[in-house]
Each structure stands twice: as structure tokens, then as C-alpha cells.
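Secondary and tertiary structure notes
Listed below, chain by chain, are the residues.
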Amino acid sequence: MALTFYTNPRSRGRIVRWMLEEVGAPYETVVLDYASTMKAEPYLSINPMGKVPAIVHDGRVVTECAAICAYLAEAFPEAGLAPTADERADYYRWMFYASGPAEQAITNRAMGFVPKAEQERMAGYGTFDIVVDTLEMAVSAHRYLAGDRFTAVDVYAGSQVAWGVQFGSLPRRAAFEDYLARVLARPAYRRAGAIDDALIAGEAASAR
């Protein structure tokens, strides 16, 4: 099965890299530049948004990090990252929560946009504080987001929490720190980080 991964090591592609390393299937990496190859053909035929990451698996295109994580979990069931029947409700709830209300609220706040009180009902997330409290509840309910077992939702949502805590777009709460201690200890997470860090180091060296 042919699997190609389009990314930039300084992007959300790091989430998908982690997922690919968890899956363990062979894949080809195509690194794109923000100012050139990401905004031109042939990549625009894969993702007209001109954004990464994207994957092409056996001729089928998947974009959007959460969708890619969910797709790979189902495409490679032997990796054990898709939900069981008992895990499915929490799995999909928190996958879409992290990719919808949580990302929107965190991004808006980082950009300096705070909904006025009369706009909160219009915003799908309500307020940033509600989002953070809900996310804290989610990571505290079980060992992992879908239950007592690591699944693909922990790759996606775990990446969002890790990024937010590291760069200050989420507060450093004990529940977040405890959850991250579990998910970021994964060997696949470390392998993925090492690969992307090496790509960044190579870029820096070639620019000298």
C-alpha cells in the first residue's frame, strides 16, 4: 500500500508524523516549503487550501489532522489505535471537541479575539475558560481520553494540549501535566519528534 505524507516540520504535520509512527506502516515524506511548493502545483491538486499536512493513501487524499488520525487508525487496525465499541463515544466526542471548539477558542485567543458577551452564543465554543475547564475534565476522567487505553484521539488531542501548555496558549494545570506525562512518553512520539527536529536542523545547516 502506497502512503505519502506531505508536511513541513514546523507545522501541524508533527501531529500526523506522530500518528504515522504509532501506526508503523512504511510511508514516504514530502517536505514542502511555506512560500513556494506548498502554494503551487502539484500540491494544490492534493490540497487546494495550500496547507499541510495531507496524506495520499492508495490514491485517496486525506487532509485535516484529526481526520488523518482517525483515518489511519481505521486503515491500519493492527496498530490498535481505533476505538472499541465501548470507547467509541468518548473517542469521537473528544476528537471533534479538540479539532472544533478547542482549536477555535485557543486560536482566537492567541490572535487577540475575545467574543463579546452577546457573541458567546454565536461562537461554538462559548468562552475560552469554558473550553479549558471542559478539556481539563476530559483528560481527568480516565487514564486516556477514550478510556484506559491509548488511541488515536490521544495523538490528536494530546498534541493540542502539549502545544498549548508549551507555548502558553493553555494554562499549566496539574491535570494537563499528568495527562501529558503519559502520552508524551510514547516511543512513537519521541521518534516522530526526532525525525522532524532532524529535518529542521538540516534546513538550518543548508541555509548557512
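Structure: above.
Predicted, not measured: the structure shown is a model, and the values here were computed from it.

**Digging into the packing of helix α1 (residues 13-23) against helix α6 (residues 152-167)**
Contact geometry for α1 and α6: axes closest at 9 Å, N-to-C directions at 155°. In terms of orientation, α1 lies roughly antiparallel with respect to α6. Like other packed secondary-structure pairs, α1 and α6 cross with a definite hand, here right-handed. Counted together, I15, W18, M19 and E22 of α1 and A152, D154, V155, Y156 and S159 of α6 form the full contact between these two elements. Looking at the contact of α1 with α6 residue by residue, the classes come out as six nonpolar, one polar and two charged.

**Thoughts on the sheet that holds strand β2 (residues 28-31)**
Within a sheet, adjacent strands bond to each other through the backbone by hydrogen bonds, running parallel or antiparallel. Here four strands make up an open sheet; going across it, the order is β2-β1-β3-β4 and the pairing mixed. Two strands bound the open sheet, and with one partner strand each, they are β2 and β4 (60-63). On average, each strand axis in the sheet is inclined to that of its neighbour by 20°, with strand direction left out of account. On the sheet, α1 packs against β1 (3-7), β2 and β3 (54-57) and is oriented at approximately 155° with respect to β1.

**Things to note about the environment of V30**
Relative to the assigned elements, V30 resides in strand β2. When the C-alpha atoms of V30 and D133 are compared, they prove to be 38 Å apart, with 103 residues separating the residues in sequence. Among all residues touching V30, those that are not within four sequence positions of it are T4, F5, Y6 and T7.

**With respect to α6**
Note: α-helices contain 3.6 residues per turn, so residues at a spacing of three or four share the same orientation. Counted at 1.5 Å a residue, the expected span for α6 with its 16 residues is 22 Å, and the 23 Å between its end C-alpha atoms agrees. Judged by how many residues are buried, α6 sits mostly within the fold: 13 of 16 residues are covered. Downstream of α6 by one or two residues, G168 has phi in the positive range, about 85°.

**Some details on the side chain of D154**
Along the chain, D154 falls in helix α6. We note that D154 is buried and unpaired, the nearest opposite charge coming from R182 at a distance of 7.7 Å. Not counting residues within four places of it along the chain, the set of residues in contact with D154 comprises W18, Y144, L145, R149, S159, Y179 and V183.

**Some remarks on unusual backbone geometry**
Among all residues save glycine, negative phi is the norm, and among peptide bonds the norm is trans. The amide bond that connects E41 to the next residue, P42, takes the cis arrangement and shows omega of 10°. For P42, the location among the structural elements is in the loop between β2 and α2 (43-46). With an omega of 10°, the peptide bond running from V52 to P53 counts as cis. Inspection of the secondary structure assignment puts P53 in the loop between α2 and β3.

**Digging into helix α5 (residues 128-141)**
When the terminal C-alpha atoms of α5 are compared, their 20 Å separation across 14 residues agrees well with the 20 Å that a helix rising 1.5 Å per residue should span. Within α5, the full set of buried residues consists of F128, V131, V132, L135, A138 and V139. Within α5, the buried residues cover an arc of 120° as seen down the axis, which keeps them to one side. Away from its buried face, by an angle of more than 90 degrees, α5 presents the exposed residues D129 and A141. Buried residues along α5 sit in contact with α4 (88-110), α6 and α7 (174-183).

**Description of the nonpolar core**
Here is a general trend for soluble globular proteins: nonpolar side chains tend to be buried in one another's company. Counting residues in each nonpolar core, the largest one holds 56 residues, and the members touching the most others are M19, I55, L72, Y91, M95, L145 and Y156. At the level of elements, β1, α1, α3 (65-75), α4, α5, α6, α7 and α8 (187-207) are the ones that each hand at least two residues to this core. Those residues within four positions of M19 in sequence are excluded, and the remaining contacts are C69, L72, A73, L81, A152 and V155. M38, V52, A54 and V56 belong to the second largest nonpolar core, which has eight residues in total.

What counts and how
- Residues numbered from 1 in each chain as written.
- Predicted model: local features only at pLDDT ≥ 70, side-chain atom pairs only at ≥ 80, totals over all residues.
- Heavy atoms only, no water.
- Axes fitted to C-alpha atoms, helices over the stretch in contact; angles between N-to-C directions.
- Helix = DSSP H or I, 4+ residues; strand = E, 2+ residues; numbered from the N terminus.
- Parallel < 35°, antiparallel > 145°, perpendicular 65-115°, else oblique.
- Left-handed = near helix turned anticlockwise from the far one by under 90°.
- Contact = heavy atoms within 4.5 Å.
- Nonpolar A, V, L, I, M, F, W, Y, C, P; charged D, E, K, R; others polar.
- Pairing = 2+ DSSP bridges.
- Expected span 1.5 Å × (residues − 1).
- Buried < 20%, exposed > 50% of the residue type's maximum accessible area, 1.4 Å probe, protein only.
- Lys, Arg positive; Asp, Glu negative; His and termini not counted.
- Salt bridge = Lys/Arg side-chain N within 4 Å of Asp/Glu carboxyl O.
- Arc of directions from axis to C-beta.
- Core = buried A, V, L, I, M, F, W, Y, C linked by side-chain atoms within 4.5 Å.

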